[in-house]
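# Architecture at a glance
So you can see what is in the structure, the chains are spelled out below.
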Amino acid sequence: MPRRRAGLAGLGVVSTDGLIVVDKPGGMTSHDVVARIRRLAKTRRVGHGGTLDPMATGVLVIGVGRATRLLTYVIGAGKSYTGTIRLGQATITDDAEGDVIASTPAGQVTDDGIRAALSALTGEIDQVPSAVSAIKIDGQRAYKRVRDGETVELPARRVTISRLEVLAIRRTEPDVVDVDVDVTCSSGTYIRAIARDAGLALGVGGHLTALRRTAVGGFTLAEAATLDELEQRAPDVVNLPLDAAADRFFPRREATPDEARVLAHGGPLDPTGLAGPYAVFGPAGGLIAIVSERDGRARAEIVLAPA
């Protein structure tokens, strides 16, 4: 049973610090999930490690308490998805949430042509994010500017699509082709943009009709809990307490008692040559800090030892 700590006044018992791997349902924003977890965990100190669109389902990593400080690393981790691309229709959002803005019969597109178009989108590429996205332009989300009637052009960003496997090509409706794909990619990749760009390359338009995130870093659907399951066990919703989460996500370094004291107060340690960032644990096994080595010293990026 995870450790419990004293709650805020009027809130009763509060969940322990740590991470929760949630299987996000469709129709909810990532912020909606955070709001639900705040209620279940009885704390406002909750955040998520990488937005999922409302249409999308699957792995959403939630941080509770001090573990929210680990989320910057989770956001930067590689991700995997399964999804369905519909060729023959383009939408304003590049997914099924938006209105169809162009239809071009796709029945003549060959399986080989589809595979070639998707193959060209693998590796390290410059991808233009979807205009209807959460990227900020002069402090305002791109999607809000589009909804306000502006034409938004976002700059391309370098992303890596390390795997883009075609699982099935289905021709069950006239004039459209549905392509099921399995994708592993770097943080910042838009699967919607892959659908859009494949459709553009084939001259028929494309958009995403389904998306399920299957992994974030080493966190997978196999350990994800639904919101209903979390409701049943509240407030013990954390399935990876802070120390275990850091040990799972980062290389590990053991500190001596003297090193632990120095690091807990923000001081540097001697380097070990470990590729960083890495987690440093004290003699009693508790997490002290996330550290990286630079300029000949091992310095804390964040100190997590309790005050």
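Next up on the list: the overall build of the protein chain. When you go through the protein chain residue by residue, the secondary structure sums to eight helices and 18 strands. Relative to its 307 residues, the protein chain shows a buried fraction of 46%. In the protein chain, 67% of the contacts between residues at least 6 apart in sequence involve partners at least 24 apart.

This part covers helix α5 (residues 191–202). With 12 residues, α5 should reach 16 Å at 1.5 Å per residue; the first-to-last C-alpha distance of 17 Å fits that figure. Buried within α5 are the following residues: Ile191, Arg192, Ala193, Ile194, Ala195, Arg196, Ala198 and Gly199. Looking at the buried side of α5, the elements it contacts are β4 (79–87), α3 (111–119), β7 (123–127), β10 (157–170), β11 (177–185) and β12 (206–216).

This part takes up the sheet that holds strand β16 (residues 278–281). Strand order in the open sheet made by the four strands is β15-β16-β17-β18, with mixed pairing throughout. The sheet is open, and its two borders are formed by β15 (252–254) and β18 (297–303), each paired with just one other strand. Along the sheet, successive strands turn relative to each other by an average axial angle of 40 degrees, direction set aside. Both β15 and β16 contribute to a ladder of three bridges, which runs parallel. For glutamate 254, the partnering residue across the bridge sits in β16 and is phenylalanine 281. Against the sheet, helix α7 (residues 242–249) engages β15, β16 and β17 (287–294), with an angle of about 135 degrees to β16. Sheet strands in contact with helix α8 (residues 257–264) are β15, β16, β17 and β18, and its direction is about 85 degrees off that of β17.

Here the focus is the side chain of arginine 213. Considering the arrangement of structural elements, one finds arginine 213 in strand β12. It is aspartate 53 that comes nearest to the buried, bridge-free arginine 213 among opposite-charge side chains, at 8.8 Å. From its side chain, arginine 213 meets the backbone oxygen of valine 59 in a polar contact 2.8 Å long. Sequence-distant contacts of arginine 213, that is, excluding residues within four places in its chain, are made with Gly50, Thr51, Leu52, Thr57, Gly58, Val59, Leu60, Lys79, Ser80, Tyr81 and Leu221.

Calculation rules
- Residues numbered from 1 in each chain as written.
- Predicted model: local features only at pLDDT ≥ 70, side-chain atom pairs only at ≥ 80, totals over all residues.
- Heavy atoms only, no water.
- Helix = DSSP H or I, 4+ residues; strand = E, 2+ residues; numbered from the N terminus.
- Buried < 20%, exposed > 50% of the residue type's maximum accessible area, 1.4 Å probe, protein only.
- Contact = heavy atoms within 4.5 Å.
- Expected span 1.5 Å × (residues − 1).
- Pairing = 2+ DSSP bridges.
- Axes fitted to C-alpha atoms, helices over the stretch in contact; angles between N-to-C directions.
- Lys, Arg positive; Asp, Glu negative; His and termini not counted.
- Salt bridge = Lys/Arg side-chain N within 4 Å of Asp/Glu carboxyl O.
- Polar contact = N/O pair within 3.5 Å; in protein donor to acceptor, adjacent residues only side chain to side chain.

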